[in-house]
Amino acid sequence: FPYTTLFRSFAHPLIPEQLNMGNEMPRQPLRRNPRSATAVRVHIYDVGTTKVGQALNTILRPFGTGIFHCGVEVHNREWSFCEDGCYDSKPKKCGGHTYCDTIFMGHTTLTVLETLKLLQGLEQLWLKAGYDLLTRNCCHFADDFCRRLGVGGIPGWVHRLARMGASLDNMLQGAPQLRDRVYG
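Everything numeric here is computed off the predicted structure, so don't read it as measured data.

Rules behind the numbers
- Residues numbered from 1 in each chain as written.
- Predicted model: local features only at pLDDT ≥ 70, side-chain atom pairs only at ≥ 80, totals over all residues.
- Heavy atoms only, no water.
- Helix = DSSP H or I, 4+ residues; strand = E, 2+ residues; numbered from the N terminus.
- Buried < 20%, exposed > 50% of the residue type's maximum accessible area, 1.4 Å probe, protein only.
- Contact = heavy atoms within 4.5 Å.
- Areas by Shrake-Rupley, 256 points an atom, 1.4 Å probe, with all protein chains shown as cover.
- Pairing = 2+ DSSP bridges.
- Axes fitted to C-alpha atoms, helices over the stretch in contact; angles between N-to-C directions.
- Expected span 1.5 Å × (residues − 1).
- Polar contact = N/O pair within 3.5 Å; in protein donor to acceptor, adjacent residues only side chain to side chain.
- Phe/Tyr/Trp six-rings, centres within 6.5 Å; stacked < 30°, edge-to-face > 60°.
- Lys NZ or Arg CZ within 6 Å of the ring centre and 35° of its normal.
- Parallel < 35°, antiparallel > 145°, perpendicular 65-115°, else oblique.
- Left-handed = near helix turned anticlockwise from the far one by under 90°.
- Nonpolar A, V, L, I, M, F, W, Y, C, P; charged D, E, K, R; others polar.

Within the protein chain, the regular secondary structure consists of five helices and five strands. By the burial criterion, 34% of the 184 residues in the protein chain qualify as buried. Once local pairs closer than 6 in sequence are excluded, the contacts in the protein chain between residues at least 24 apart make up 69%. A total accessible area of about 11,600 Å² is found for the protein chain, and carbon and sulfur atoms account for 56% of it.

Turning our eyes to something else, we now look at the environment of Pro155. With respect to the helices and strands, Pro155 occurs in the loop between helix H4 (138-149) and helix H5 (156-183). The partly exposed category is assigned to Pro155, whose relative accessible area is 25%. As for Pro155 and Asp143, which are separated by 12 residues in sequence, their C-alpha atoms are 8.4 Å apart. Ignoring any residue separated from it by four or fewer positions in sequence, one finds Pro155 in contact with Ile103 and Met105.

As a further point, take the sheet that holds strand E3 (residues 77-82). Ordered in space as E4-E3-E2-E1-E5, the five strands form an open sheet in which the pairing is antiparallel. Pairing within the sheet leaves two strands with one partner each, and these edge strands are strand E4 (85-89) and strand E5 (97-108). The mean inter-strand angle of the sheet, taken between neighbouring strand axes irrespective of direction, is 30°. Pairing of strand E2 (residues 68-74) with E3 involves three bridges; the strand directions are antiparallel. Paired with Val72 across the strands is Trp79, a residue of E3. Most of the contacts of helix H2 (residues 51-60) go to strand E1 (residues 38-47), to which it runs at about 105°, and overall it touches E1, E2 and E5. H4 contacts E1, E2, E3, E4 and E5 of the sheet and is inclined by roughly 25° relative to E2.

For H4, which comprises 12 residues, the first-to-last C-alpha distance of 16 Å matches the rise-based estimate of 16 Å (1.5 Å per residue) to within 8%. For H4, the buried fraction is high: 10 of the 12 residues fall into the buried class. The complete set of buried residues in H4 reads Cys138, Cys139, His140, Phe141, Ala142, Asp143, Asp144, Phe145, Cys146 and Leu149. Where H4 starts, the residue carrying a side-chain oxygen 2.8 Å from the main-chain nitrogen of Cys139 turns out to be Asn137.

Take the pairing of E3 next. With five of six residues buried, E3 is to be regarded as a mostly interior element. Here E2 folds back onto E3 in antiparallel fashion, the turn holding two residues, of which His75 has a positive phi close to 55°. As judged from the five bridges shared by E3 and E4, these two strands associate in the antiparallel manner. By the bridge assignment for E4, Trp79 is matched with Asp88. Linking E3 to E4, which pair antiparallel, is a turn of two residues.

Applying the stated criterion to the full structure yields seven aromatic pairs. Ring geometry for Phe81 versus Trp126: centroids 5.3 Å apart, planes at 70°, classification edge-to-face. Separated by 45 residues along the polypeptide, Phe81 in strand E3 and Trp126 in helix H3 (residues 112-129) bring together distant segments of the chain. In textbook terms, an aromatic cluster arises when at least three aromatic residues are bridged by ring pairs, as seen for Phe81, Trp126, Tyr131, Phe141 and Phe145. Lying across the ring of Trp126, Arg136 places its NZ or CZ 4.0 Å from the centre.

What follows is about the packing of H3 against H4. H4 packs onto H3 with a crossing angle of 140° between their chain directions and a minimal axis gap of 11 Å. Accordingly, the angle class assigned to the pair H3 and H4 is oblique. Helix-helix and strand crossings are classified by hand; for H3 and H4 the assignment is right-handed. Contacts between H3 and H4 pair Thr115, Leu118, Leu119, Leu122, Leu125 and Trp126 from the former with His140, Phe141, Asp144, Phe145, Arg148 and Leu149 from the latter. A breakdown of the residues in the contact of H3 with H4 according to their chemical character gives eight nonpolar, two polar and two charged.

Written out as structure tokens, the structure reads:
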């Protein structure tokens with residue numbers, strides 16, 4: 001996992017208020033400066049690096065949808081999800097796709113370490129459930145990640161086509177059962 005080295009580099013000993021051995025009164029919590037907020041952005045890409053993805057999205061965008069890849073930028077790294085799990089890249093530089101837009105989502109108060117721990121948990125959760133082009137793709141991951149960062153979900157148009165495809169797939173899978181019920 002690409003961030004493992006980065007994650008380990010932020011490991012630190014327990015903070016003093018956690019050093020209590022259980023039989024003594026806890027110490028007063030350390031006074032901390034208020035957390036500074038970090039911007040969260042979603043970078044949108046046309047799928048692929050050929051003009052085909054751009055052309056499809058030019059056609060689909062007026063209908064409020066498209067075929068997109070996306071990643072979430074937080075703490076100066078961009079995070080996304082694929083069949084192999086979570087990965088990071090430089091913001092707006094995700095390989096294999098063509099950058100086209102950025103959406104400012106708001107600010108998170110999670111630190112770098114907290115964000116990396118969140119990503120570690122998300123990777124386990126998302127890999128366990130598996131990647132699915134229509135129901136568990138990079139856009140769905142970005143939506144979940146943004147919500148957990150406290151900035152709300154990504155705009156619906158980003159993964160609208162995948163949701164419509166999933167609905168159509170569900171209808172088609174249910175069609176034989178409906179046919180059997182109707183025509184016995």
